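Commentary on secondary and tertiary structure
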Amino acid sequence: MKIKLDKTDSRIVVSNETYNVIDNTNLNNLIVSKTELHPGKETGGHNHSGQEEVYIFLTGNGYIYLNEKKMSVQAGATVLIEDGVFHRVESGASGLYFV
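The text that follows walks through the structure, step by step, so that each part is easy to find. This structure is a prediction, so every number in the text was calculated from the model and none was measured.

**Some points on the overall build of the protein chain**
Of the regular secondary structure elements, the protein chain holds 0 helices and 7 strands. Against the 2.2 N^0.38 benchmark of 13 Å for 99 residues, the protein chain shows a C-alpha radius of gyration of 13 Å, consistent with a compact globule. Viewed in the frame of its principal axes, the protein chain has a C-alpha envelope of about 35 × 30 × 25 Å. Residue burial in the protein chain is summarised as follows: out of 99 residues, 33% are buried. Taking the intrachain contacts of the protein chain between residues at least 6 apart in sequence as the baseline, contacts between residues at least 24 apart amount to 53%. Carbon and sulfur atoms make up 47% of the accessible area of the protein chain, which amounts to about 6,200 Å² in all. Considering the protein chain, the positive charge centre built from 9 side chains and the negative charge centre built from 12 side chains are found 7 Å apart.

Now the structure itself:
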């Protein structure tokens, strides 16, 4: 199955001045989300108990914070977020798009 993350297989779950989050609706046991983080904005951050997460950065640049560790990210970067790690993302001047 090809996942498009467009109106045919997804829905907008959050849309505000900080970001747009679009979740896939065709899967039963996995969520694939697309985040369009607007220029100069940052997510509030969160963590997950009992699961890992992977962010794949497709366009733009900025930073990801894993607990208090700050890492630079850009298009092509893939980051593993380990179980329980608090994480947040900050975009650069052109915004940041990741799944």
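The rest of the description comes next.
**Topic: the pairing of strand E2 (residues 19-24)**
Within E2, 5 of the 6 residues are buried, leaving the element largely enclosed by the surrounding structure. Relative to E2, strand E1 (residues 10-15) runs antiparallel, the two being bridged by 5 bridges. Each bridged residue has a counterpart across the sheet, and for valine 14 the counterpart in E2 is valine 21. Between E1 and E2, which follow one another and run antiparallel, lie 3 residues. Examined bridge by bridge, E2 and strand E3 (residues 33-37) share 5 bridges and lie antiparallel to one another.

Here is what the cut-offs are and how they apply
- Residues numbered from 1 in each chain as written.
- Predicted model: local features only at pLDDT ≥ 70, side-chain atom pairs only at ≥ 80, totals over all residues.
- Heavy atoms only, no water.
- Helix = DSSP H or I, 4+ residues; strand = E, 2+ residues; numbered from the N terminus.
- Rg over C-alpha atoms; globule rule 2.2 N^0.38 Å.
- Buried < 20%, exposed > 50% of the residue type's maximum accessible area, 1.4 Å probe, protein only.
- Contact = heavy atoms within 4.5 Å.
- Areas by Shrake-Rupley, 256 points an atom, 1.4 Å probe, with all protein chains shown as cover.
- Lys, Arg positive; Asp, Glu negative; His and termini not counted.
- Charge placed at Lys NZ, Arg CZ, Asp CG, Glu CD.
- Pairing = 2+ DSSP bridges.

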